[in-house]
Amino acid sequence: MSSSNQSVGFELWLKENPNIMYAAAFMTLLIMCIGIVGNSLTILVILKSPRIRNVASTFIISLGAADLLFCITVLPFNASRFLNINWVQYPQLCSIVPFLQYGNIGVSLLFITMITINRYIMIVHSSLYSIVYRPIWITFMIMLCLIISFGMLVPTLLSKWGKFEYDPKLGTCSIVSDEFGQSSKSALLITGFIIPCIVIICCYTGIFLVVRNSEKRMQRHQTSTQSDPTATHMQSIRRKLSEWRITKMVLAIFLSFVLCYLPITITKTLDPSVQYPAVLLIAYIMIYASACFNPIIYVIMNKQYRKAFKSVLNFGCCEKATKRVPVLRSISKRLQPHGIQEDRGFGTTVSHVSSIALESLDCNNRISRIA
């Protein structure tokens, strides 16, 4: 009997604790809803906001699409698993759901890697940026990420290198060894997780060194009393420091990804027989939560994304309001000659028109007096 309990440890533990089971299902559905709304908004915001649309945003859209696909195709089945609905009895679903789950995990980390490489070239090798990031190469990079992530899972899907099957210890469908004892888990871990993490760490090391040197040169320039003959060089330093702000956002995305997926890796390695099912449950929830963290990071860490999100959520109401304010200010400033300040853009035009209108009224008054 004890061996039977060990063989279905996680699933049996959930059945014996229905409150925990329902709470896990609720958390999964909540994460799914937040992820669908957040990632859909992220894609919409980038498409409708030219100011934040660049090469990095192309990969951010791809990352948001991958997380959105994860929320729509994977999380509903995991929620149903917590509710003890046995979808795993269908062989097709037991292959397709983990195929999409593993593929999305791999492609998400590869997109984060591409964004990091983009920031690295932008800051460290800016002269190569226009050569590397052409539309055809960007498309090729995105397709390469998809081919690597999902292509490596095709042999497992065909039961040629491990197979997708129900794992009673984990209580879900996963990659298990085939009849020859082979499994693709180790290769996927190295190719889809360890190598991208090493590339990201190397890129951020190079970025950090360049930014630190730029800050030191900037400080020396500020403390120097002599005139600066290299204004272009100082402008380049300021640009690198500005790019570092966006790079820190990408670093936060990478760290959140690692924090979400590291617990499940450690748990499966140190507790293969699932003697601590509560720890495994927490690790599962953290994996699901990774699909909704990125939009939150964009809003918290990037001012331009916050403005873009506000403009989209207000459906253009804020744009009309901001257009009215300069008009009123410009008119009031024209009526108070001692408080005139320099206006810009739309306000300048309206101020000029208002001054002409006031002059014409003054002329009319003089004519009426003469008459």
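The rules behind the values
- Residues numbered from 1 in each chain as written.
- Predicted model: local features only at pLDDT ≥ 70, side-chain atom pairs only at ≥ 80, totals over all residues.
- Heavy atoms only, no water.
- UniProt positions renumbered as here; feature names shortened; annotations may be inferred.
- Helix = DSSP H or I, 4+ residues; strand = E, 2+ residues; numbered from the N terminus.
- Expected span 1.5 Å × (residues − 1).
- Buried < 20%, exposed > 50% of the residue type's maximum accessible area, 1.4 Å probe, protein only.
- Pairing = 2+ DSSP bridges.
- Core = buried A, V, L, I, M, F, W, Y, C linked by side-chain atoms within 4.5 Å.
- Contact = heavy atoms within 4.5 Å.

A.B. asks: Would you mind going over the UniProt feature "transmembrane region" (unreviewed entry) in the protein with me for this structure?
C.D. replies: In this structure's numbering, the residues bearing the UniProt feature "transmembrane region" (unreviewed entry) are residues 20-47, 59-79, 99-117, 137-158, 187-211, 246-266 and 278-301. Helix makes up 100% of residues 20-47 and strand 0%, and the two end C-alpha atoms of the span are 40 Å apart. For residues 187-211, the helix share is 100%, the strand share is 0%, and the end-to-end C-alpha distance is 35 Å.

A.B. asks: What's the story with helix α4 (residues 55-73) in this structure? I'm lost.
C.D. replies: End to end, α4 covers 27 Å across 19 residues, agreeing with the expected 27 Å (1.5 Å per residue, within 8%). Counting buried positions along α4 gives 15 out of 19 residues, so the element sits mostly inside the fold.

A.B. asks: Is there a simple way to explain the pairing of strand β2 (residues 172-176) in this structure?
C.D. replies: Here is the key point about a regular strand: its side chains alternate between the two faces of the sheet. The element β2 is extensively covered by neighbouring structure, given that five of its five residues are classed as buried. Adjacent in sequence and paired antiparallel, strand β1 (residues 163-167) and β2 are bridged by four residues, among which Gly-171 carries a positive phi angle near 70°.

A.B. asks: What's the story with the nonpolar core in this structure? I'm lost.
C.D. replies: Here is a general trend for soluble globular proteins: nonpolar side chains tend to be buried in one another's company. Core analysis: the biggest nonpolar cluster contains 83 residues, and Phe-10, Phe-59, Phe-82, Tyr-133, Tyr-288 and Tyr-305 have the highest contact counts within it. The element best represented in this core is helix α6 (residues 91-124), accounting for 13 residues. If sequence neighbours within four positions are ignored, Phe-10 has contacts with Arg-81, Phe-82, Lys-169, Leu-170, Gly-171, Val-274, Pro-277, Leu-280, Leu-281 and Tyr-284. Of all hydrophobic cores here, the second largest spans five residues; its members include Trp-87, Cys-94, Val-97 and Cys-173.

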